[in-house]
Amino acid sequence: MSRLSLVILGASGDLTKRLLMPSLFRLHRLGLIPDLNIIGYSIDKWDRDAFLKHIHDSLAEFIADFKETEWTAFSEHLDFVSGTLEADALRALESKLTPSALFYLALPPTLFGQAAQAIGEAGLSEENGDDWRRILIEKPFGTDLESAKVLREQVHSHWDEAQVYRIDHFLGKEATQNLMIFRFANRVLAPVWNAEHIEQVQITYAETLGVENRAVYYDHSGAMRDMLQNHLVQLLTLTAIEPLGRWDGEILRDHKVEVLKSVRPTDDMNANDWAVRGQYCAGMVEGETAVDYCNEPGIPMDTNTETFAALRIEIDNWRWKGVPFYLRSGKRLANNYAEIAVQFKAPAGALPGGIEVDNNWLVFRLAPTMGMDMHMTAKLPGMHLNTHGITLTAPYTQPGQYEVSAYEQLLIDALHGERAHFLRFDEVEWAWRIIDPALKAWQKGMPDLYKAGTQGPDTQSRIMRNGHQWRSLF
Ligand code: BG6
């Protein structure tokens, strides 16, 4: 690879400190970015030394086996420019850029449009021959369908769709990328992956964390925009997607859009039927007292932002008709736990009457550790013909295997021009179409309260059908 530049706009922010720089440091350690210049850009009036000190101290905090010798080698790749999001200020970057360059908008979402336009106005988005310019935009892309369309226009005023990399970091997670492989590469699963054999799918992303220091962002976003519209909908598409005829990023994204287009249109008039929102109030989480969401620093007392959201989604294609997909995510819940759980139908009349048969569950665990569990029914050891549930468990990685982090994967993909794991605009658009009616219905009224450290609001079971129940988070 010839020399490349990565410009991080928002270089003094939390994302840069917690995720981007640790990922770049690890990639450098692996020898995967020997020719990358990393240029921090921020409104802070720092010089290069101040930036280096900030990054050094955060890496020492976030990298478990941080070594000064590795830092010295890594720091030679770092540079810094202070400036605003105006074209004139951004021109200061020009002399530092290599012909091919990637701009990473690690900025508050409200600044994405302005930044994309200003970089373009500064003439930095223009490509020459084989040299490329790319822009990487964090989520959420817009706050609803209309604002997403406006943002697309702002971005497209200077950038072609092929230059735009919309990140959903869940697509870089190992456990997410395993979904399609595991489904399609295993003969025991491929033939039964449909409505004839599958009863329901539950996708849960539960966190014990509260809003941390992200009050302004989170209170404007809420659980639905922060987690469901992007991360959980993406997990749904990859669980439901049809096999690809050829490995190609565009075909993959076409197939994902097909799934979203097959989702039964949602309606704000009956949102209570398929969507639930909750907000945490004081309770104990992991042995610590958590305050009411509305008493968190920076959150207005009268907020009606949801910290928990759950949805039932129906996919009306031949493969999934009649199989509910339940999605939920929340802050300050009982546990840090994330999974995609697929329940199979119980076999009819397989054992003599009266002997209990549990439905099989295949569980893809995403957090806190990655792995797969198959819950099955076996004979209960003993004289009598009784059954019990057993679990076949596999960790995702074996000792000695390197677990690539999502940001490491996606930074390398973007530098290599691999677009498969980035969102195309139509994916974003169709995801908003599903979510928007709930957001519209939730403009008024209050979310259902739930105690911090619990499973979420009791009302979440309202959207379940066919006697289904949420899986426990304990
Ligand atoms: C982010 C959300 O996109 O994903 C956070 O903004 C959430 O609220 C996070 O905590 C979860 O992702 P991960 O990779 O930390 O599990």
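Summarised in this report is the structure supplied together with it. (Residues numbered from 1 in each chain as written. Predicted model: local features only at pLDDT ≥ 70, side-chain atom pairs only at ≥ 80, totals over all residues. Heavy atoms only, no water.)

## Structural notes on the sheet that holds strand E11 (residues 308–314)
Read from one edge to the other, the open sheet built from nine strands follows the order E16-E15-E14-E13-E7-E12-E11-E8-E17, with strand pairing classed as mixed. Strand pairing shows two members of the sheet lacking a second neighbour, strand E16 (387–395) and strand E17 (448–451), which therefore form its edges. Sheet twist, expressed as the average angle between the axes of neighbouring strands with direction ignored, equals 20°. Strand direction decides the pairing type here: E11 and strand E12 (residues 324–330), joined by seven bridges, are antiparallel. Its bridge partner being in E12, alanine 309 is matched across the sheet by serine 329. With respect to the sheet, helix H7 (residues 174–185) is in contact with strand E13 (337–344), strand E14 (361–367) and strand E15 (371–379), its orientation differing from that of E14 by roughly 155°. Relative to the sheet, helix H8 (residues 215–240) contacts strand E7 (198–206), E11, E12, E13 and E14, its axis offset from that of E12 by approximately 145°. (Pairing = 2+ DSSP bridges. Helix = DSSP H or I, 4+ residues; strand = E, 2+ residues; numbered from the N terminus. Axes fitted to C-alpha atoms, helices over the stretch in contact; angles between N-to-C directions. Contact = heavy atoms within 4.5 Å.)

## Here we look at a nonpolar patch on the surface
Nonpolar side chains collect at one region of the surface, where Leu30, Leu32 and Tyr402 lie side by side and expose about 290 Å² of accessible area between them. Classification of leucine 32 by relative accessible area gives partly exposed; the value is 45%. (Patch = residues over 30% accessible without salt bridge, like charges linked within 9 Å, V, L, I, M, F, W, Y side chains within 5 Å. Areas by Shrake-Rupley, 256 points an atom, 1.4 Å probe, with all protein chains shown as cover. Salt bridge = Lys/Arg side-chain N within 4 Å of Asp/Glu carboxyl O. Buried < 20%, exposed > 50% of the residue type's maximum accessible area, 1.4 Å probe, protein only.)

## Focus: the site of the ligand
Near the ligand you find Lys139, His169, Phe170, Lys173, Tyr205, Glu207, Arg214, Asp226, Met227, His231 and Lys331, and these make up its full shell. Within the contact set of the ligand, an oxygen atom lies 2.2 Å away from a side-chain nitrogen or oxygen of tyrosine 205. A distance of 2.5 Å is found between an oxygen atom of the ligand and a side-chain nitrogen or oxygen belonging to glutamate 207. Protein contacts shield 75% of the accessible area of the ligand, which totals 400 Å² for the unbound molecule. For the shell around the ligand, the element with the highest residue contribution is H8, accounting for three residues. By residue class, the composition of the shell around the ligand is three nonpolar, two polar and six charged. (Near = heavy atom within 4 Å. Polar contact = N/O pair within 3.5 Å; in protein donor to acceptor, adjacent residues only side chain to side chain. Nonpolar A, V, L, I, M, F, W, Y, C, P; charged D, E, K, R; others polar.)

## Considerations on the pattern of salt bridges
By the definition in use, this model includes 31 salt bridges. Here aspartate 316 ties to arginine 264 by a salt bridge, and the two come within 2.9 Å at their closest N and O atoms. In this pair, aspartate 316 sits in the loop between E11 and E12 while arginine 264 sits in the loop between helix H9 (249–261) and helix H10 (271–274), placing the two residues 52 residues apart along the sequence. Look at arginine 264 and you get partly exposed, because its relative accessible area is 37%. We note a salt bridge from lysine 440 to aspartate 268, for which the minimum N-O separation is 3.7 Å. Placement of the pair is lysine 440 in helix H12 (residues 425–441) and aspartate 268 in the loop between H9 and H10, with a sequence separation of 172 residues. On the basis of relative accessible area, aspartate 268 is assigned to the partly exposed category, the value being 23%.

## Structural notes on empty space enclosed by the protein
A full pass over the atoms with the stated rule returns two cavities of 30 Å³ or more. What the largest cavity holds in volume is close to 100 Å³. What lines the largest cavity is a set of 14 residues, and nearest its centre among them are Phe141, Gln229, Asn230, Leu423 and Val428. Looking at the lining of the largest cavity, the elements that each hand over two or more residues are H8 and H12. Of the residues assigned to the lining of the largest cavity, the class counts are seven nonpolar, three polar and four charged. (1 Å grid on protein atoms, 1.4 Å probe; cavity = no way out; pocket = protein on both sides within 12 Å on 5 of 7 lines; lining within 4 Å. Points joined across faces, edges and corners; volume = space filled by probe spheres on them.)

## A word on the nonpolar core
Membership of the largest hydrophobic core comes to 110 residues, with the highest contact counts inside it found for Leu9, Phe103 and Phe325. Looking at which element gives the most residues to this core, the answer is H8, with 13 residues. Beyond its immediate sequence surroundings of up to four residues, phenylalanine 103 is in contact with Val7, Leu9, Leu93, Leu97, Ile119, Leu124, Arg133, Arg134, Ile135, Leu136 and Trp159. Of all hydrophobic cores here, the second largest spans 36 residues; its members include Leu4, Tyr165, Ala414 and Phe422. (Core = buried A, V, L, I, M, F, W, Y, C linked by side-chain atoms within 4.5 Å.)

## Here we look at the packing of helix H1 (residues 14–29) against helix H2 (residues 48–62)
Running from N to C, H1 and H2 cross one another at 85°; their axes reach a closest spacing of 10 Å. Looking at the two axes, H1 sits roughly perpendicular to H2. Mapping the contact onto sequence places Lys17, Arg18, Met21, Pro22 and Phe25 in H1 and Phe51, His54, Ile55, Ser58, Leu59 and Phe62 in H2. (Parallel < 35°, antiparallel > 145°, perpendicular 65-115°, else oblique.)

## Quick word on H8
Along its length, H8 reaches its greatest deviation from straightness, about 100°, at glycine 222. The element H8 is extensively covered by neighbouring structure, given that 24 of its 26 residues are classed as buried. (Bend = angle between axes of the 7 residues up to and from the residue.)

## Observations concerning helix H5 (residues 112–121)
For H5, a buried count of seven out of 10 residues is recorded, marking the element as mostly surrounded by other parts of the structure. Turning to H5, its buried residues number three or more, namely Phe112, Gly113, Ala115, Ala116, Ala118, Ile119 and Gly120. In this fold, the buried residues of H5 make contact with strand E1 (4–9), helix H4 (87–90), strand E4 (101–105), strand E5 (133–137) and helix H6 (145–156). Within two residues after H5, glycine 123 carries a phi angle of roughly 80°, on the positive side.

## Section: the layout of surface pockets
Vacant regions in the atomic arrangement are exposed by a probe of water-molecule size rolled over the atoms. Estimated volume of the second largest pocket: approximately 320 Å³. Along the walls of the second largest pocket sit 15 residues, with Arg225, Glu306, Leu439, Trp442 and Gln443 positioned nearest its centre. At the level of elements, H8 and H12 are the ones that each hand at least two residues to the lining of the second largest pocket. Top element by residues in the lining of the second largest pocket is H8. It accounts for five residues. Looking at the lining of the second largest pocket residue by residue, the class counts come to two nonpolar, seven polar and six charged.

## A closer look at the sheet that holds E1
Reading across from one edge, E3-E2-E1-E4-E5-E6 is the order of the six strands in this open sheet, with parallel pairing throughout. Two strands lie at the open edges of the sheet, namely strand E3 (78–82) and strand E6 (164–166), each paired on one side alone. This sheet shows a mean twist of 20° between the axes of neighbouring strands, independent of strand direction. Where E1 and E4 come together, five bridges link them in parallel fashion. Counted as the bridge partner of valine 7 is phenylalanine 103 from E4. Along the sheet face, H5 touches E1, E4 and E5 and points at about 155° away from the line of E4.

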